[in-house]
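# Survey of secondary and tertiary structure
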Amino acid sequence: MQVETALACNLRCVMCPWKDYRQRAVHGGVMSPEIWEAVRPHLKKAQTVDFTGGGEPLLQPNLAHWIREAKSEGCMAGILTNAVLLNDRTARDLLDTGLDWICISIDGSSKEEYETIRVGANFDQVRQNVEHFSKLRTGKFPKMMINHVMMRANVNQLEQMVRLCADLGIDQINFKQCEVIRDTHGKGLGLFGRTETREIKQFQRAVAAARKLAQKFGMETTASSFLPEERPVCEQDPRNSMFIRYDGLVAPCINLANSGPTVFLGQEVVLPDVHYGTLPECDLQDLWQSELCGFYRRTFEARTREYDNVFMEGLMADSRRTPERMLEMAIKRMPKPPKGCEICHYLYGI
């Protein structure tokens, strides 16, 4: 489960796509205890609970208590935070829950760079909070990660970012694209494109150099692609996950929970609403077994099966089919992605 404990946020980041949604949010954009109570009976069926959505989870006053409840049912649990509110008391409360991972959004290695992007945050305070949390934890638990959204303002400073993460005691860096766009928010900030240009090659080299440096420091890395490559299913994977919005609305993922104008690989499109139902009016298990939820699961299962079959056939035939050729064949044979997914960057590895 991905449970959006808060859509509300204490920052005004330049690339945030959810600013307009926040303005019309009910309950101040914070999940109510009544919605969590509708989720809680189903925790025993979940493997993982990500307590993050489009906002800042540390604005949820019940966060630590809810994490403890998820852990008591055997779930892994984690959050993505901007760490502005990660003071000593909050850090100790979170560590006491048995939290499995914490991911922190930092998009600049210097004060000027960071505060230009994360408007309203103080670089020195965030750095101090993260470093303090790292020292408080036991060994490498919980796992500490950094999400770094790459833009033209910071893509030339990736190696400096790696060095900052090494100083802070971070275990993993995720180099991400500015891939979620709503209306004008986030528009034009992404570094990816349909074809490989000289500029994209430069970006790719910058990421490769940063990942190589991170390896020397013993840090893990992930990196989103700069070029689209259709996948059988995205990392959100609706076959085994659900997104629960702060107001109780249940959807395949955060993108499909929030419809609106967006940009897909340079083309202006509109992302549709795809909702299973709403808590607490509906039972979460009933929503999981609903026809629409089942359709998303079946479609992605069929796509994955065809994808695997094409690559297995290529290996068994001992042919000269290249991976590129097999991917082309797989894309032709896979069923079309569900509504909304065909215009979502996640399905294309971006």
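Residues numbered from 1 in each chain as written. Predicted model: local features only at pLDDT ≥ 70, side-chain atom pairs only at ≥ 80, totals over all residues. Heavy atoms only, no water.

Attention shifts here to the pairing of strand β7 (residues 220–223). In terms of strand pairing, strand β6 (residues 172–176) meets β7 through 4 bridges, oriented parallel. Across the sheet, Gln-172 pairs through a bridge with Glu-220, a residue of β7. A crossover links β6 with its parallel partner β7, the connecting element being helix α8 (residues 198–216), and its sense is right-handed. (Pairing = 2+ DSSP bridges. Helix = DSSP H or I, 4+ residues; strand = E, 2+ residues; numbered from the N terminus. Right-handed = clockwise from strand over helix to strand, strands pointing away.)

What follows concerns the layout of surface pockets. Taken as a whole, the second largest pocket spans an internal volume of roughly 160 Å³. What lines the second largest pocket is Leu-58, Gln-60, Pro-61, Leu-63, Ala-64, Leu-85, Thr-90, Asp-93 and Leu-94. Elements represented by at least two residues in the lining of the second largest pocket include exactly α3 (63–72) and α4 (88–97). For the lining of the second largest pocket, the element with the most residues is α4, which contributes 3 residues. When grouped by side-chain class, the residues that make up the lining of the second largest pocket number 6 nonpolar, 2 polar and 1 charged. (1 Å grid on protein atoms, 1.4 Å probe; cavity = no way out; pocket = protein on both sides within 12 Å on 5 of 7 lines; lining within 4 Å. Points joined across faces, edges and corners; volume = space filled by probe spheres on them. Nonpolar A, V, L, I, M, F, W, Y, C, P; charged D, E, K, R; others polar.)

Now for the UniProt feature "domain: Radical SAM core" (unreviewed entry) in the protein chain. In the numbering used here, UniProt assigns the feature "domain: Radical SAM core" (unreviewed entry) to residues 1–216. This span, residues 1–216, is 38% helix and 13% strand, and a straight line between its end C-alpha atoms measures 34 Å. (UniProt positions renumbered as here; feature names shortened; annotations may be inferred.)

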